[in-house]
Amino acid sequence: MYMNIPNSEKIYIYEREKKKCFYCGKNLKFRQITLDHYLPKSKGGTEDIFNLVLSCRKCNRLKGNKIPRNYERKIIKLFQKAFYDKMIKIGNIIVSKEDLKEEILNIDRIEEIRPNFVFQSKHMRFYIKNNTIERIILLGGKHED
Ligand SMILES: [Zn+2]
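The text that follows walks through the structure, step by step, so that each part is easy to find. (Residues numbered from 1 in each chain as written. Predicted model: local features only at pLDDT ≥ 70, side-chain atom pairs only at ≥ 80, totals over all residues. Heavy atoms only, no water.)

### Focus on the packing of aromatic side chains
We count it as follows: For Phe, Tyr and Trp, where Trp contributes only its six-membered ring, two rings pair if their centres lie within 6.5 Å, and the inter-plane angle classes them as stacked under 30 degrees, edge-to-face over 60, or tilted in between. Helix and strand assignments follow DSSP, with helices taken as H or I runs no shorter than four residues and strands as E runs no shorter than two, numbered in order from the N terminus. Think of it in three bands: residues with accessible area under 20% of the maximum for their type are buried, residues over 50% are exposed, and the middle band is partly exposed, with areas taken using a 1.4 Å probe on protein chains only. Placement of a positive charge over a ring is assigned whenever Lys NZ or Arg CZ falls within 6 Å of the ring centre and within 35 degrees of the normal to the ring plane.
In the structure shown here, the tally under the stated rule is nine aromatic pairs. A centroid spacing of 5.5 Å and a plane angle of 70 degrees characterise the contact between F50 and F117, whose relative ring orientation is edge-to-face. In this pair, F50 sits in the loop between strand 1 (34-37) and strand 2 (52-55) while F117 sits in the loop between strand 4 (109-112) and strand 5 (118-120), placing the two residues 67 residues apart along the sequence. By relative accessible area, F50 is classed as buried at 0%. The buried category is assigned to F117, whose relative accessible area is 0%. Between F117 and F119, the ring centres sit 5.9 Å apart and the planes meet at 5 degrees, which makes this aromatic pair stacked. Of the two residues examined, F117 and F119, each falls in the buried class. Cation over ring: R135 sits above Y127, and NZ or CZ is 4.1 Å from the ring centre.

Rendered as structure tokens:
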């Protein structure tokens with residue numbers, strides 16, 4: 001197909017969406033699925049698992065390059081879920097697991113989309129590439145003194 005998504009990720013998304021088309025709710029057999037870029041590729045959407053939803057062929061075709069309303073909230077939610085499901089790898093970063101968990105729950109915006117997603121909470125900015133938190137920037141305001 002057109003995407004190079006590992007099978008383990010496809011299965012994860014399939015289970016995450018309870019085997020139903022995200023758009024119309026139709027039950028899908030695994031061989032029937034397509035993965036839709038929730039934020040379309042042409043608008044900067046990546047192939048990270050939190051930007052892919054399960055879709056039947058028809059809905060995928062109908063959605064085309066439309067940008068869903070509230071895509072930001074949805075993508076943040078899917079990222080948080082993927083993190084808790086241990087589907088997000090953690091690069092070489094110097095933040096404790098506890099702080100990381102807390103801050104990921106507090107992500108409230110997408111700071112950048114291109115070339116990769118950058119999420120932001122009050123205290124941290126998360127640079128994501130290939131389902132990996134590659135870099136974190138600490139923002140002002142968090143002093144542990
Ligand atoms: Zn559908």
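### Topic: the coordination of the zinc ion
We apply this condition: For Na, K and Ca the donor cut-off is 3.2 Å, while for other metals it is 2.8 Å, and in both cases only N, O and S atoms qualify; water is not among them, so sites may look incomplete. When four donors show all angles between 85 and 135 degrees the site is tetrahedral, when four or six donors have opposite pairs over 155 degrees and all other angles between 65 and 115 it is square planar or octahedral respectively, and in every other case it is irregular.
Protein coordination at the zinc ion: the donors are C21 (SG), C24 (SG), C56 (SG) and C59 (SG), at 2.3 to 2.4 Å from the metal. Bound by four donor atoms, the zinc ion shows angles of 101 to 118 degrees at the metal and therefore tetrahedral coordination geometry. Here the donor residues for the zinc ion map to a single chain with the spacing C-x2-C-x31-C-x2-C. Residue C21 is found in the loop between helix 1 (7-16) and strand 1, and its partner C59 is found in helix 2 (residues 57-63); the two are separated by 38 residues along the sequence. This pair shows no difference in class: C21 is buried, exactly as C59 is.

### Observations concerning the pattern of salt bridges
Convention followed: Any carboxyl oxygen of Asp or Glu within 4 Å of a side-chain nitrogen of Lys or Arg constitutes a salt bridge here.
Enumeration over the complete set of coordinates arrives at six salt bridges. We note a salt bridge from D85 to K81, for which the minimum N-O separation is 3.0 Å. When its relative accessible area of 38% is taken as the criterion, K81 is described as partly exposed. Within this structure, R109, E111 and R125 form a network of salt bridges that share partners.

### Considerations on unusual backbone geometry
Here the residue pair R114 and P115 is connected by a cis peptide bond, since its omega of -5 degrees sits within 30 degrees of zero. Unusually for a residue other than glycine, K19 sits at a positive phi of about 65 degrees. Its place among the elements puts K19 in the loop between helix 1 and strand 1. The backbone phi angle of K86 is positive, close to 60 degrees, even though this residue is not glycine. By secondary structure assignment, the location of K86 is in the loop between helix 3 (71-84) and strand 3 (89-90). Of the residues examined, K86 reaches a relative accessible area of 72% and is grouped as exposed.

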